[in-house]
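What the coordinates show
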Amino acid sequence: MPQTLAVECFEHGVRLITLQRPQALNALTTELLAELASALAEAEADPDARAVVLTGSARAFAAGADIKEMAERDLVGILNDPRQASWHAITRFSKPLIAAVNGFALGGGCELAMHADIIIAGEDARFGQPEINLGIMPGAGGTQRLLRAVGKSMAMQMVLGGESIDARHALRAGLVSEVTQPEYTVERALQLATLIAGKAPLAVRLAKEALLKAMDTDLATGLRFERQAFTLLAGTRDRDEGIRAFQDKRPAHFSGQ
Ligand code: HXC
């Protein structure tokens, strides 16, 4: 049984993972990251799991790496940091991952939200990379993913100045795709997860992979990948089903084949 998070399974293959370290605003310990990586690995391995929502509490999605734990690690400790393996596992998750963010998403918490494919934010959410205030810098993708999401000037301002931005600002900057009333953030994310879970799983997986490729490749390579993925889908039963259902004027029922 995980100690730092809860996993709930809903209809239509949707899972909700809720971080649960309220005493430390869901600060990311080695244990929490390992439990999150393992919950995602379970969802990855289960063909019935089609989309995952990740959330925290009303006060904090996650306030960053656990500073108390970080203080105990020296240079060699950080070089051998077991959390790296967990971050890699989270990065590798191939199914749709939606972050439902209320309250603080700071440092590693903001980086964790940016590992999600879609971020839905409550009005009261705050995003920031305050590591500079601790004499360090982001270390779980913050300099790379934030710049790609919000552009150079805003990313520099947030990382070098350590100031956080609110949900509306994050929406304008492109870091999040929707802002909701805080009490509806999780509900809206679950709704979106259910919508995506009803699509053809192989098409969703390859479309996610193609979109992520756009973040780290040149246009020609990305377009080649897209074309190959598009062609691969021509061999799936779900493509036949999708086209037939359109012609029959009925909803499609995708099997993942
Ligand atoms: C450990 C934390 C924590 C953190 C909060 N807490 N953030 N513990 N690690 N990152 C704990 C506090 O110590 C406190 O516990 C309790 O949570 C409540 O926090 P308060 O500070 O009392 O709440 P509040 O006044 O509302 O302020 C909220 C806050 C502040 C603005 C979010 O807690 C804060 O600035 N936290 C640190 C944010 C940060 O710097 N994050 C980046 C970390 S570095 P006690 O027991 O004292 O009451 C990082 C690097 C990532 O993330 C690298 C990845 C490889």
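Anyway, here's the lowdown on the structure attached to this text. (Residues numbered from 1 in each chain as written. Predicted model: local features only at pLDDT ≥ 70, side-chain atom pairs only at ≥ 80, totals over all residues. Heavy atoms only, no water.)

Right, let's get into the site of the ligand. Taken together, 22 residues surround the ligand, and among them Arg59, Ala63, Ala65, Ile67 and Gly108 come closest. Side-chain polar atom of Arg59 to an oxygen atom of the ligand: 2.9 Å apart, as the coordinates give it. One of the backbone N or O atoms of Ile67 is found 2.9 Å from a nitrogen atom in the ligand. Protein chains shield 64% of the accessible area of the ligand, which is 1000 Å² for the free molecule. Elements with a contribution of two residues or more to the shell around the ligand: helix H2 (67-71), strand E6 (104-106) and helix H5 (108-115). (Near = heavy atom within 4 Å. Polar contact = N/O pair within 3.5 Å; in protein donor to acceptor, adjacent residues only side chain to side chain. Areas by Shrake-Rupley, 256 points an atom, 1.4 Å probe, with all protein chains shown as cover. Helix = DSSP H or I, 4+ residues; strand = E, 2+ residues; numbered from the N terminus.)

Bringing the environment of Pro138 into the picture now. Of note, Pro138 is situated in the loop between strand E8 (126-128) and helix H6 (142-150). The class for Pro138 is buried, based on a relative accessible area of 9%. Filtering out sequence-adjacent residues up to four positions away, Pro138 remains in contact with Glu111, Gln129, Glu131, Thr143 and Val159. (Buried < 20%, exposed > 50% of the residue type's maximum accessible area, 1.4 Å probe, protein only. Contact = heavy atoms within 4.5 Å.)

If you look at the biggest cluster of nonpolar residues, it comprises 44 residues, and the most contacted ones within it are Phe61, Val101, Leu112, Ile119, Phe127 and Leu175. Counting residues in hydrophobic clusters, the runner-up holds 14 residues, among them Val14, Ala51, Ile98 and Ala197. (Core = buried A, V, L, I, M, F, W, Y, C linked by side-chain atoms within 4.5 Å.)

According to the stated counting rule, one finds 12 salt bridges in the structure shown. We note a salt bridge from Arg250 to Glu241, for which the minimum N-O separation is 2.9 Å. Judged by its relative accessible area of 11%, Glu241 is buried. A network of salt bridges, in which partner residues are shared, links Glu69, Arg73, Asp81 and Arg83. (Salt bridge = Lys/Arg side-chain N within 4 Å of Asp/Glu carboxyl O.)

By the criterion of burial, strand E7 (residues 118-122) is predominantly enclosed, with four of the five residues buried. Where strand E5 (residues 97-101) lies against E7, four bridges are found, and the strand directions are parallel. When the bridges of E7 are listed, Val101 appears paired with Ala121. Here three bridges tie E7 to strand E10 (residues 178-180), and the two strands are oriented parallel to one another. (Pairing = 2+ DSSP bridges.)

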